[in-house]
Amino acid sequence: MSQDDDAYRHCLLCERRCGIDRSLKAGYCGMTDEIYAARAALHMWEEGPISGTKGSGAVFFSGCSLRCIFCQNRNIAIGKTGKLISQDRLVEIYLELQEKGAHNINLVTGTHFIPSIVQSLKTAKKKGLSIPIVYNTGNYETEDALGMLDGLVDIYLPDVKYYSEDLSAQFSNSKDYFKIAMRNVKIMLDQVGKTKFDENSIMKSGLIVRHLVLPGHTNDSKALIKSLYDEFGDDIYISIMSQYTPLLSFKDHKELSRKLTDREYDRVLDYALELGLNNAFVQEGHVASESFIPEFDYEGL
Ligand code: SF4
């Protein structure tokens, strides 16, 4: 058993710190040490320099250690949707996506499978995987878990979801979320450095923090963007997203039962401009719809 496999035996991969043996049972993330995924396909809906012209080779893993109440990928996050795949199959999937022309391999919500991701990437790189590796995360990993990815990941796409402890406690059951997420952005930036693009403006390495503006919570978004800008300035890119799609109705949080208004989104963008933020991605037009959420039909698995 490798050191990476050991990480499943007393799981401290995320800040839930369950400390359980995942060969025996699932943790808060809903997953044992068996790999489940819901889709592996070329994906055009990431930021332009990630999706490029041919698509990002996205592998959507099942399960999630955050399990936000408004999750946009709910069925896979709660582990309802997913197909069992072996580590060897994961290696083949990366190579197949590369063969299809993907600009990168985009590992979506893989926190709870980091040991398998590490092993599969090492093997795939030996077999010819050469495109950049994107690690796309809700951002609640422990420092040690991120350390396992050092040298293997080229691009980090971490969320920073909330500034307020109250919001993160209510929506993701994680009062300490902002503190952890900011710490992790620093670790990730130390690993990959400032963002670099190739001659076709496709991202080669670096970091984009993603923030989904939630309806009714623009002040939280503003405080969060200010903190990110104060701490990291133009060393990072920030993607300010408007695509929130209400999939359920919430009795206790009625604001989450509707879409974000144009006015709310503009208010956050105007504030970011006032701060002097240069390195930002924004979303244009009406992107909040269920069609923005991919089909989790096990394509490519
Ligand atoms: S990944 Fe996180 S939630 Fe899942 S078992 Fe490990 S510590 Fe718990």
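Here the structure is a predicted model, which means the values were calculated and not measured.

1. So, the overall build of the chain
Okay, step 1: A count of helical and extended segments in the chain gives 10 helices and 10 strands.
Okay, step 2: Across its three principal directions, the C-alpha atoms of the chain cover 50 × 45 × 35 Å.
Okay, step 3: Residues counted as buried form 57% of the 301 residues belonging to the chain.
Okay, step 4: Partitioning the intrachain contacts of the chain with sequence separation of at least 6 by distance along the chain shows that 73% fall at a separation of at least 24.
Okay, step 5: When the accessible surface of the chain is totalled, it reaches about 13200 Å², and 46% of it is carbon and sulfur.
Okay, step 6: Taking the average location of the 34 positive side-chain charges in the chain and that of its 42 negative ones, the two points are 3 Å from each other.

2. A closer look at the site of the ligand
Okay, step 1: With respect to spatial proximity, the complete set of residues near the ligand consists of Cys11, Leu13, Cys14, Arg16, Arg17, Cys18, Arg22, Gly27, Tyr28, Cys29 and His112.
Okay, step 2: Taken together, the residues of the shell around the ligand sort by class into six nonpolar, two polar and three charged.

3. Here we look at helix α4 (residues 87-99)
Okay, step 1: For α4, built from 13 residues, the straight-helix expectation of 18 Å at 1.5 Å per residue is met to within 8% by its first-to-last C-alpha distance of 19 Å.
Okay, step 2: Regarding α4, the residues found buried are Arg89, Leu90, Val91, Ile93, Tyr94, Leu97 and Gln98.
Okay, step 3: The secondary structure elements touched by the buried residues of α4 are β1 (35-43), β2 (56-61), β3 (83-85), β4 (105-108) and α5 (114-126).
Okay, step 4: Following α4 by one or two positions, Gly101 adopts a phi angle in the positive range, close to 105°.

4. With respect to a negative patch on the surface
Okay, step 1: Together, Asp262, Asp266, Asp270 and Glu274 make up a negatively charged patch on the protein surface.
Okay, step 2: Mapped onto the fold, Asp262 is located in helix α10 (residues 262-275).
Okay, step 3: Under the relative-accessibility criterion, Asp262 is labelled partly exposed at 49%.

5. Description of the packing of helix α9 (residues 218-232) against α10
Packed helices, taken two at a time, are described by the angle their axes make and the gap between the axes.
Okay, step 1: Put simply, α9 and α10 touch, their axes get as near as 10 Å, and they point 25° apart. Taken together, the axes of α9 and α10 are roughly parallel relative to one another. Considering the relative orientation of α9 and α10, their crossing is right-handed. Touching Thr218, Ser221, Lys222, Ile225, Lys226 and Tyr229 of α9 are Glu264, Arg267, Val268, Tyr271, Ala272 and Leu275, all from α10.

6. Comments concerning the nonpolar core
Okay, step 1: Among the nonpolar cores identified, the biggest contains 82 residues, and Phe70, Tyr94 and Ile240 are the most heavily contacted of them.
Okay, step 2: Broken down by element, the residue count for this core peaks at 10 residues, all from helix α8 (residues 177-192).
Okay, step 3: Beyond its immediate sequence surroundings of up to four residues, Tyr94 is in contact with Val59, Ile105, Leu107, Ile117, Ser120, Leu121, Ala124 and Leu129.
Okay, step 4: One finds Leu157, Ile208, Tyr237 and Phe281 within the second-largest nonpolar core, a separate group that totals eight residues.

7. Concerning the side chain of Lys222
Okay, step 1: Here Lys222 shows up in helix α9.
Okay, step 2: The charged side chain of Lys222 is buried without a salt bridge, its nearest counter-charge being Glu274 at 7.3 Å.
Okay, step 3: Apart from residues no more than four positions distant in its own chain, Lys222 is found in contact with Arg267 and Tyr271.

Cut-off values and rules
Residues numbered from 1 in each chain as written. Predicted model: local features only at pLDDT ≥ 70, side-chain atom pairs only at ≥ 80, totals over all residues. Heavy atoms only, no water. Helix = DSSP H or I, 4+ residues; strand = E, 2+ residues; numbered from the N terminus. Buried < 20%, exposed > 50% of the residue type's maximum accessible area, 1.4 Å probe, protein only. Contact = heavy atoms within 4.5 Å. Areas by Shrake-Rupley, 256 points an atom, 1.4 Å probe, with all protein chains shown as cover. Lys, Arg positive; Asp, Glu negative; His and termini not counted. Charge placed at Lys NZ, Arg CZ, Asp CG, Glu CD. Near = heavy atom within 4 Å. Nonpolar A, V, L, I, M, F, W, Y, C, P; charged D, E, K, R; others polar. Expected span 1.5 Å × (residues − 1). Patch = residues over 30% accessible without salt bridge, like charges linked within 9 Å, V, L, I, M, F, W, Y side chains within 5 Å. Salt bridge = Lys/Arg side-chain N within 4 Å of Asp/Glu carboxyl O. Axes fitted to C-alpha atoms, helices over the stretch in contact; angles between N-to-C directions. Parallel < 35°, antiparallel > 145°, perpendicular 65-115°, else oblique. Left-handed = near helix turned anticlockwise from the far one by under 90°. Core = buried A, V, L, I, M, F, W, Y, C linked by side-chain atoms within 4.5 Å.

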